[in-house]
Structures are given as C-alpha cells and as structure tokens.
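Okay, here's what each chain looks like letter by letter:
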Amino acid sequence: MFVPIALLAAACGEPGDSASPSARLEPYASVVSPPSMFDEVVLLEAGSACVIDTYLYRVVCTDPGDESFMFGAEGEGPGEFTDPGGILRGPAGTIGVVDRRLDRLSMFSGSGGFLTSTPGIPSFLLASGPSAMGGTMVGSYYRLDLANGSSFVNAEIDTATGRIVWERTFPDEADVVDCSTPTPGGLPRQLGFGYHDESGGLLFVTCYGEFLVWYADRDAGEPAAIVRSTYVERYPTEEDVAASLRLLNSIPAGGFRPNLDEEQIRARPKVWYGARVVDDQRRFWAVSYWNAEDVIPALSHIEMYRLTDTGPEYALTLQVADKVLGMDVLGNTLAVLVERDTGGVISERRVDWFDVAALTARR
C-alpha cells in the first residue's frame, strides 16, 4: 500500500472526541422548508437559502427574515421542470437547476427570472454536492462497462455546451489506506465521489469517514496527504436499536428483510454518512455523525477542516440541533437543512442560519 511522504501526523494516532474542540451553535434565523425528495440547500450572495420543492416542481428561496421567492413549474418549456434534482450557486448571483429527466441545466437570475438553458447536461455530475459554479460543473458518475469493469468517474463539464472537459477514475481505497471499518460483503471500494477544492485538487472521504485523502493536483498519480479524521466509531444506542428493530419488523411477509438480528444490530458501528461541502474559503465541512435510520437525533455534529498547502487540517466540531440533511457555506454563513421532530406524524423540515465568523477565526 502506498503511503505518501506528506502523510500528516494526525493520521498516526487513534481518533478521539476528547481532543476535538467543539462548540454548540444556535441559529440566528430559522424558517420552515417545504417537503422534498432531495436534501440540497444552496446559499445565495444576498443571504437567501434555496431548496428544491420536488412535489410542486419548483425552487423556493427564503431569506433569514422569512421572505421568499419561488420559480419553476411542471413542464418541459423554458424555466419548467419535469424532475428538478440539483441546484447550484452560479456566477454573478445566478441560480442553476438541473432537470434529471431532461438532462438540462436551466439558469435563473438571483430573483428567479429565467435566463438560459443548456441540454445534454448529465445530472450525475451533481453527486458531489452543491458547490460554487463558474463556467463548469463538477461531480461524479458510475460508468457501467461489462467488458472492462465498471467504475466511478470524476468529471468536469462545460455548462455552456454540455461537453465533458475532464474526467478520471481513481484507485480502490485498499490501495491507498487501511480501513478499520469493513465494507459490506468484503467488496472493494473505489475512491469515487471527490470534493473539488476550487484550486485544482480533489478530496475523498474514505473508509466511511475514517480517512480524508487529498490529491492537491487532480491529475497526480498519488495523493499529497492522508489524514485520519476525528470520527470515532459509535455503536447504536438503545433508541437506535429499538428503531432498527421496528423498521425490520414492519417489513411485510414476503418482502426483502436484511438478515440481521438484535445482536448484529448492536455490533454494527455507525459510519460517517451525511452532508459535505467545500466552501469558497477552502474549508471542508462534513456531518460526522448522522443517523442512517429513521431516528432524529437531538444533536448533529459538523466537522470543519482547513485545506492547507500540506493537506486537510482539522479545526473544530460544531454541534447543531436536530438531524442535518444538507448544508452550504458561503463566507461566514452556514445554512443547514434539518429534520425536526415536532411530535406529529411527519417530521418538519427547516433551514437554520448560523454565523461562524468568530468560531472559524479562532481555529
């Protein structure tokens, strides 16, 4: 296994919560968000947070004062959507929306007015999350190739023409790091969904969050740094176990039921799932503890790393209320889309705004 010279000291020790500086954040604004099949939220320069309302085929943008504007409708015409599946912050205050069914990128003004559309934009390129967009979009897709073997491909596409201007496959995780969390079925995992750092580099989350692998040059043959995250494998609480058992027992007779019993549920560590984003100041934000089942935790933990010349450096962990579904960071503003248990049959979605200026300046 290759171990780069720039392997940081943080990768040598075992991760631990006690060494992690943390701070509980309270939002300075919070508004109700519409139900949706997608968990993306994108901040605009003016401070509004935009989400996709998949059931009404539109985008809803709301500012911290709860003033909103909406755009889009069902259809295939200019400014309409059949399956809006991705939203991006565009240049000069514009908003980009990708229609997954039409493979079309539509651009709107900062107030929602339709500008242009480009066909032939594959929606798979949104897989790495909402990121600032200039003249290109970046993301990952799965290339199915029965003859040579299927693989994940990282790619960049020209938004004006729909033409792929760069793409590359990366090695398997096992060829780069030693994971302590086994993969299901023992199948190899490829470095797949890379997060572009706005400076020609790519950051990969590997081993379900155990390591961050950074290619300072996306065309380099070997990573510039490998950093062990502060993530600690957490095992299910009694509440988690009960929720998992309820979910398994709710599966009707004849339906597919995972071969799990209570002992196996207790023995499975929770892995690092959740929202991630690289912001405009080359900071990497990731939800480090996220419940994959139907449990809404009281707190979510968001880790922040600075992307330095020598690699990702852990800075701090933020604690925010409820279950984080999506997030975006622009300047010193963090917008978080959360799921909140209000005691009803259906949980509530909200967008919370946080000011991170004081915290990030100290770290």
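A few points on the structure.

Brief notes about a nonpolar patch on the surface
Point 1. The grouping of Met37, Tyr55 and Leu56 at the surface amounts to a nonpolar patch, some 360 Å² of accessible area in total.
Point 2. Accessibility expressed as a relative area gives 58% for methionine 37, which makes it exposed.

Comments concerning the packing of aromatic side chains
Point 1. Inspection of every chain in the model, using the stated rule, returns 13 aromatic pairs.
Point 2. Taking 5.1 Å as the distance between ring centres and 65° as the angle between the ring planes, the aromatic pair formed by tyrosine 142 and phenylalanine 152 counts as edge-to-face. Here tyrosine 142 is found in strand β11 (residues 136-143), whereas its partner phenylalanine 152 is found in strand β12 (residues 151-158), with ten residues between them in sequence.
Point 3. Residue tyrosine 142 is classed as partly exposed on the basis of its relative accessible area, which comes to 49%.
Point 4. An aromatic cluster is defined as three or more aromatic residues linked by ring pairs; in this entry it consists of Phe69, Phe71, Phe81, Phe108 and Phe114.
Point 5. The ring centre of tyrosine 208 lies 4.5 Å from the NZ or CZ of arginine 189, which sits over that ring.

Structural notes on the state of the cysteines
Point 1. According to the stated counting rule, one finds two disulfides in the structure shown.
Point 2. Here cysteine 179 pairs with cysteine 207 through a disulfide, and the sulfurs are 1.9 Å apart. Here the S-S torsion is close to -65°, and the disulfide linking cysteine 179 with cysteine 207 is therefore left-handed. You can see cysteine 179 sitting in the loop between β13 (164-168) and β14 (194-196) and its partner cysteine 207 sitting in the loop between β15 (202-206) and β16 (211-215), a full 28 residues away along the chain.
Point 3. Assessed through its relative accessible area of 31%, cysteine 179 is described here as partly exposed.
Point 4. Across the protein chain, the disulfide pattern expressed with sequentially numbered bonded cysteines is 1-2, 3-4.

Here's the deal with helix α1 (residues 238-249)
Point 1. Taking 1.5 Å as the rise per residue, α1 with twelve residues should run 16 Å; its terminal C-alpha atoms sit 16 Å apart, in good agreement.
Point 2. Of the residues making up α1, those classed as buried are Asp240, Val241, Ala243, Ser244 and Leu248. What you see down the axis of α1 is that its buried residues fit within an arc of 165°, all on one side. Pointing more than 90 degrees away from the buried face of α1 are the exposed residues Glu238, Glu239, Arg246 and Asn249.
Point 3. Lining the buried residues of α1 we find α2 (262-267) and β19 (283-289).

What counts, and where the lines are drawn
- Residues numbered from 1 in each chain as written.
- Predicted model: local features only at pLDDT ≥ 70, side-chain atom pairs only at ≥ 80, totals over all residues.
- Heavy atoms only, no water.
- Patch = residues over 30% accessible without salt bridge, like charges linked within 9 Å, V, L, I, M, F, W, Y side chains within 5 Å.
- Areas by Shrake-Rupley, 256 points an atom, 1.4 Å probe, with all protein chains shown as cover.
- Salt bridge = Lys/Arg side-chain N within 4 Å of Asp/Glu carboxyl O.
- Buried < 20%, exposed > 50% of the residue type's maximum accessible area, 1.4 Å probe, protein only.
- Phe/Tyr/Trp six-rings, centres within 6.5 Å; stacked < 30°, edge-to-face > 60°.
- Helix = DSSP H or I, 4+ residues; strand = E, 2+ residues; numbered from the N terminus.
- Lys NZ or Arg CZ within 6 Å of the ring centre and 35° of its normal.
- Disulfide = S-S within 2.5 Å.
- Expected span 1.5 Å × (residues − 1).
- Arc of directions from axis to C-beta.
- Contact = heavy atoms within 4.5 Å.

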